[in-house]
Amino acid sequence: MKNTQALGRPTLRPTVRHALHQRWTALSLREQRLILLATGILSLAGLWWLGLAPALRTLQQAPAQQAQLDAQWQHLTALQAQAQTLQKLPRMTQAAALKALQNVTTERLGTHAKLTTTGDRCTVTLTQVAPEALAQWLTQARTQARAVPVEAKLQRAALASEGAPSPANTTSTTPTKPPVWSGSVVLSLPAS
């Protein structure tokens, strides 16, 4: 190595590249080949993990995502068709809508519901209503009475029965009954 001073600069040290080159030439041919092989393997692994694996994973997940998006599309198309059908129905007066709502409530919920009207809003108080009956009632209230649910405060509870086991005796062999809903639903009626 030469120690020279040029233009007032301090002595130049060997660069990292120069040091690596010296170290490389000091290795045997076998060691050089092993290092090149290891570097090639690591490069291929890095290319796989960073470049190819994410793309292949995306391709594998694409059919499932496509099926999910198709199902969502069909659901939204059905909702759109339902909305268009409801828009085409003739306008209904508030009195006719209230009468239709009373009929639907009596028919579907019977004594498990109480209807209270204030202006263009109806509050239906529910007591131990089965989920299927509640779903059917909401659908019919929307289609037949043009009533739109505005607010719902529902609580899920077990069906009260006379022979229900006490909380301490949970080893009963009787089958459990499905849950029921209690609470209130506020519906908006069409304006007159």
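Scroll up a little and you will see the structure.
Because the structure is predicted, anything quoted here is derived from the model rather than measured. (Residues numbered from 1 in each chain as written. Predicted model: local features only at pLDDT ≥ 70, side-chain atom pairs only at ≥ 80, totals over all residues. Heavy atoms only, no water.)

J.: For this particular structure, what's the right way to read the overall build of the protein chain?
T.: The number of helices and strands found in the protein chain is four helices and four strands. Each helix (α) and strand (β) of the protein chain, taken in turn from the N terminus, gives the series α-α-α-β-β-α-β-β. Taking all 192 residues of the protein chain together, the buried fraction comes to 17%. Contacts in the protein chain between residues at least 24 apart in sequence constitute 68% of all its contacts with a sequence separation of at least 6. (Helix = DSSP H or I, 4+ residues; strand = E, 2+ residues; numbered from the N terminus. Buried < 20%, exposed > 50% of the residue type's maximum accessible area, 1.4 Å probe, protein only. Contact = heavy atoms within 4.5 Å.)

J.: What am I meant to see in the nonpolar core here?
T.: Within soluble globular proteins, side chains that are nonpolar generally end up buried alongside one another. Counting residues in hydrophobic clusters, the biggest one holds 19 residues, and the most contacted among them are Leu 101, Leu 109, Leu 126, Trp 137 and Leu 187. Elements with a minimum of two residues in this core: α3 (94-109), β2 (121-129), α4 (131-144) and β4 (179-188). (Core = buried A, V, L, I, M, F, W, Y, C linked by side-chain atoms within 4.5 Å.)

J.: What is the right way to read the sheet that holds β2 from this model?
T.: Sheet strands line up and pair through hydrogen bonds in the backbone, either parallel or antiparallel. If you walk across this open sheet you meet the four strands as β1-β2-β4-β3, and the pairing is antiparallel. Taken across any chain shown, the strands that pair with only one partner, and hence form the sheet edges, are β1 (113-118) and β3 (148-158). For this sheet the average axis-to-axis angle between neighbouring strands, irrespective of direction, equals 10 degrees. In this structure, β1 lies alongside β2, joined through six bridges in antiparallel fashion. Among the inter-strand pairings, Thr 117 is bridged to a residue of β2, identified as Cys 122. On the sheet, α3 packs against β1, β2 and β4 and is oriented at approximately 165 degrees with respect to β1. Of the strands in this sheet, β2, β3 and β4 are in contact with α4, which crosses β4 at around 15 degrees. (Pairing = 2+ DSSP bridges. Axes fitted to C-alpha atoms, helices over the stretch in contact; angles between N-to-C directions.)

J.: How should unusual backbone geometry be read in this particular structure?
T.: Across the chain, the bulk of peptide bonds are trans and the bulk of non-glycine residues have phi less than zero. Notably, Gln 128 is not glycine yet its phi reads approximately 50 degrees, a positive angle. Position of Gln 128 among the secondary structure elements: in strand β2. You can call Gln 128 partly exposed: its relative accessible area is 28%.

J.: How should I be thinking about helix α2 (residues 29-88) in this particular structure?
T.: Think of an α-helix as 3.6 residues a turn; residues three or four steps apart then line up on the same face. A rise of 1.5 Å per residue sets the reference length of α2, with its 60 residues, at 88 Å; its end C-alpha atoms lie 85 Å apart and thus fit the reference within 8%. At Leu 52, α2 is deflected by roughly 40 degrees, the largest bend along its length, and proline Pro 54 occurs up to four residues later in sequence. Along α2, the residues classified as buried are Gln 32, Ala 53 and Leu 86. Taken together, the buried residues of α2 touch α1 (16-26) and α4. (Expected span 1.5 Å × (residues − 1). Bend = angle between axes of the 7 residues up to and from the residue.)

J.: I'm lost on the pattern of salt bridges in this one. Help?
T.: Any two side chains of opposite charge can pair, on the condition that their charged atoms come close. Throughout the structure, instances matching the rule amount to one salt bridge. Residues Lys 153 and Glu 151 are paired through a salt bridge, measuring 3.4 Å at the closest nitrogen-oxygen approach. The exposure class of Glu 151 is partly exposed, given its relative accessible area of 38%. (Salt bridge = Lys/Arg side-chain N within 4 Å of Asp/Glu carboxyl O.)

J.: Where do I start with the environment of Gln 140 in this structure?
T.: Tracing the backbone through its elements, the reader meets Gln 140 in helix α4. Classification of Gln 140 by relative accessible area gives buried; the value is 16%. Sequence separation between Gln 140 and Val 104 is 36 residues; the distance between their C-alpha atoms is 6.7 Å. Apart from residues no more than four positions distant in its own chain, Gln 140 is found in contact with Val 104, Glu 107, Arg 108 and Ala 145.

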